[in-house]
Each structure stands twice: as structure tokens, then as C-alpha cells.
Amino acid sequence: MSTTDPSAGEGREGSREGSREEAREESPFVQISEHAMSFLHSAALRTAAQLRVADQLADGPRTVEEIATATGVSAPHLLRVLRLLATRDVFREDRNGSFHLTPKAELLRSDVPSSMREGVLMVTGELFWKPAERLDETVRDGRTVFDDVFGGAFFDYFRQKPEAGAAFDVGMASLSEGENATIADAYPFPATGTVVDVGGGRGGLLRQVLLHNPGLTGVLYDQESVIRDHHLDGPELEGRWETRSGDFFASVPEGADVYMFKRIFHDWTDEECRRILRACRTAMKPGSKLLVLDAVIEEGNAPQAGKTLDVLMLTSLNGRERGEAEFRRLLTQPGLRVTKVIRTSSPVGIVEVTAE
């Protein structure tokens, strides 16, 4: 690239600015102040997702005035929101005042396979936001305040408000999609046999497992209202899957080789998880595998996505993320033995349980 290319100069200047920012160590005072106001980053991210700002930039950078006109909002106010997001590399503002997509901002587009837009809207919505506001009460009383805020338990609320349940299902599928191929690639599935995705939502994980393992067939098992919008159709999987509806606390399809539970056990207390295990053990044959796909909390003070998610479980549900020792205690039940724990490059680990 010619050194007279103006974008090259901007790139070098941007790199110098980035280096200066990285070199500057913020004081504990500034860091605590930022932590105290970090909820504004979530609010800004939600606003950008609601307005579909990333969609407006799909064909290239635009000025904030152009984005505001297209979305019907106030340009000066939108500028302040996007400027905040740009400090975390969600969008980038150039010297001319135009905003660009970044790899993070790409995930807010609604028209890409890896879109996290619906997931962002779900997590930043009132189902999680309002109970988080009262986290001190949860810690004090040892139970979520979700019931007090919304008049019923988390999943019971969806029966009262089907539209909220539908938004939750779409949001979960959105957040899960970026992990599914990694999980399918990380576990040594058998060459042949049947895999049941229990509580599998719209089937994103099962789809990836079947694509990665052409000798397998699959069953998507969840509530009827969820599986009717599944993502398993397509010639590449023709004849290799079926859907069944039911309640995994009562029973699961019998005789499969592998049972997958992705982000299911973390929703529930230990006793409720044992009910699921009993139903599953009844259905399993000797040698069948049960895969618990949840965050596996690491010891120590290092940041981990699972530690954040654990507090989310604390606020709106009575579930939790667990460490390896906790999983081994929980999952070692009559006729079941923990045989393997696999860390993946995603926030989700794989705890393998074998039926004896």
C-alpha cells in the first residue's frame, strides 16, 4: 500500500492512539467508577441492537446523521451512545465522524448466521435487568426476587406470557449458535448411533452435531411450543432426525447412545437436577453417555464468562454454574459415573457421564 494512501496514515495514527491507551494504567478510583457505571454499557448495547445500527453499516461506514435519519432518532443523542460503545470496540468512529463496523459490531447485525442481536436484547431486557437491580435482596434472603417482581417463577412466567417465552427461545438460540460448532467439534461422538438433544430448543446444537458426524441420527426433545420452530430442515440432514415433545423432569426418549443437556442443569437447584438425572438414567442403556454442557467454573481470580453467567442465574433463577468438583458430586448417582471433563474454546465445558 502506498504511503500516500490516507487510510494508511489513519491506521498508523489509530495504532499509536491504541498503544497510548493500552499503556495508560487507570487508577483504582477510575476503575471502580467505571465498574459502578458499567450498566450504561449494557444500556447502550441494547439501544444499538434495538435500533439495528449494525444493519445500517452493513454496506460501509456512515455518519451519525445518516444513521439517525434512517432509524428515526436524534443524531446528537445517538452519537453519544455510539461513542461510548466505540470505547469497547463495538463500532469505530473515524476522523471524519463516520462509524464503522468492527468484528464485535458485526455480531449485532440481524442478517448474519452468527447474529447475537436477539440474545443481546434478551439478556438486557427486563427479565434479567429488574431482578439484577435487587441483587442485594437475593443475597440477603438466599433466593431470587424474580417471583416478587413478575408474580411467578421464571419458566412459569412464560406460560402466562407466551410472547416473552418466544423472545427467550429466540434469544437463547442466538446466544448459543456461536458455541455449537465448537462443542460438536470438541467431543468424540460415536461414528453411529442416536443422539438426543434434551431441552434442545430449536435444534442448533443437534444440527451441528449431525453435520459433524454423518453416521449419527438425532432426536430434538423439548416442549411442543419450542420445537415447532426448529432449524433442522434441509437436504443435508434429510432422514436423520425427528422431534419429540415432553417434560424432561418426567421422562426422556429411551435407548439413545448420547443425551445432551446444553445450558439446562445451570437453570436448576441440585435437587431439581437430580430429578432430571433420575428420568434420564431410566431411559439410558448401559454405556450410554450423558453430556452436561455448561460452564465449568475455574478456581482463582481470573475472569471467566461462566462467573458472570453464574450471577445472572442468581438473579432471575435459582440455578447456578458449577465447578468440576461440584459437577462430580452432583452427577455421581446410582448407575451414573462421571468419566470425563472437557474444556472447550467456548464458555461451555463438557462433563461426560456414563451409564453403568
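Residues numbered from 1 in each chain as written. Predicted model: local features only at pLDDT ≥ 70, side-chain atom pairs only at ≥ 80, totals over all residues. Heavy atoms only, no water.

Moving on, we come to the packing of aromatic side chains. Two aromatic rings, taken as a pair, are described by how far apart their centres are and by the angle between their planes. Applying the stated criterion across every chain yields a total of 17 aromatic pairs. Plain terms: the ring middles of Phe 128 and Phe 154 are 5.7 Å apart, the flat faces sit at 45 degrees to each other, and that makes the pair tilted. Taken as a pair, Phe 128 in helix H9 (residues 126–133) and Phe 154 in helix H12 (residues 154–160) lie far apart in primary sequence, 26 residues in all. A ring pair is formed by Phe 155 and Phe 158, whose centres lie 6.1 Å apart and whose planes are at 80 degrees; its orientation type is edge-to-face. Here Phe 155 and its partner Phe 158 are both found in helix H12, 3 residues apart, which amounts to about one turn of the helix. On the accessibility criterion, Phe 155 (24% relative accessible area) is partly exposed. Judged by relative accessible area, which is 12%, Phe 158 ranks as buried. Feature note: the residues Phe 128, Phe 146, Phe 150, Phe 154, Phe 155, Tyr 157, Phe 158, Phe 168, Phe 248, Phe 249 and Trp 268 constitute an aromatic cluster, connected by ring pairs. (Phe/Tyr/Trp six-rings, centres within 6.5 Å; stacked < 30°, edge-to-face > 60°. Helix = DSSP H or I, 4+ residues; strand = E, 2+ residues; numbered from the N terminus. Buried < 20%, exposed > 50% of the residue type's maximum accessible area, 1.4 Å probe, protein only.)

Turning next to the state of the cysteines. Scanning the model with the defined rule gives 0 disulfides in all. No disulfide involves Cys 273; its sulfur sits 12 Å from that of Cys 280, the nearest cysteine. A relative accessible area of 0% places Cys 273 in the buried class. For Cys 280, a relative accessible area of 0% translates into the label buried. (Disulfide = S-S within 2.5 Å.)

Next up on the list: the sheet that holds strand E3 (residues 98–100). Strand order in the open sheet formed by 3 strands is E1-E3-E2, and the pairing between neighbours is antiparallel. With partners counted over all chains shown, the strands left at the sheet margins are strand E1 (62–63) and strand E2 (92–93), one partner each. By the bridge criterion, 2 bridges tie E1 to E3 in an arrangement that is antiparallel. Its bridge partner lying in E3, Thr 63 is registered against Ser 98. (Pairing = 2+ DSSP bridges.)

So, on to helix H13 (residues 162–186). Taking 1.5 Å of rise per residue, 25 residues should cover 36 Å, and H13 covers 35 Å from first to last C-alpha, within 8% of that figure. The largest bend along H13 reaches roughly 45 degrees and is located at Glu 177. The set of residues buried in H13 consists of Ala 164, Gly 165, Phe 168, Gly 171, Ser 174, Ser 176, Glu 179, Asn 180, Ile 183 and Ala 184. (Expected span 1.5 Å × (residues − 1). Bend = angle between axes of the 7 residues up to and from the residue.)

On to the nonpolar core, then. One finds Phe 248, Tyr 259, Phe 261, Phe 265 and Leu 331 to be the most contacted residues of the largest nonpolar core, which totals 30 residues. Of all the secondary-structure elements, those providing two or more residues to this core are strand E4 (193–198), strand E5 (216–222), strand E7 (258–262), helix H16 (270–283), strand E8 (289–294), helix H18 (324–331), strand E11 (336–342) and strand E12 (349–355). At 5 residues, H16 tops the list of elements feeding residues into this core. If we ignore the near neighbours within four places in the chain, the residues touching Phe 261 are Val 198, Ile 276, Cys 280, Leu 290, Leu 291, Val 292 and Leu 293. Counting residues in each nonpolar core, the second largest holds 21 residues, with Leu 205, Leu 232, Leu 291 and Ile 342 among its members. (Core = buried A, V, L, I, M, F, W, Y, C linked by side-chain atoms within 4.5 Å. Contact = heavy atoms within 4.5 Å.)

On to the sheet that holds E4. Across the sheet, which stays open at both edges, the 7 strands sit in the order E6-E5-E4-E7-E8-E12-E11 with mixed pairing between neighbours. Every other strand in the sheet has two partners, leaving strand E6 (241–245) and E11 as the edge strands with one partner each. Averaged over all pairs of adjacent strands, the angle between their axes in this sheet comes to 20 degrees, without regard to strand direction. Where E7 and E8 come together, 5 bridges link them in parallel fashion. Across the sheet, residue Val 258 finds its bridge partner in E8, namely Lys 289. (Axes fitted to C-alpha atoms, helices over the stretch in contact; angles between N-to-C directions.)

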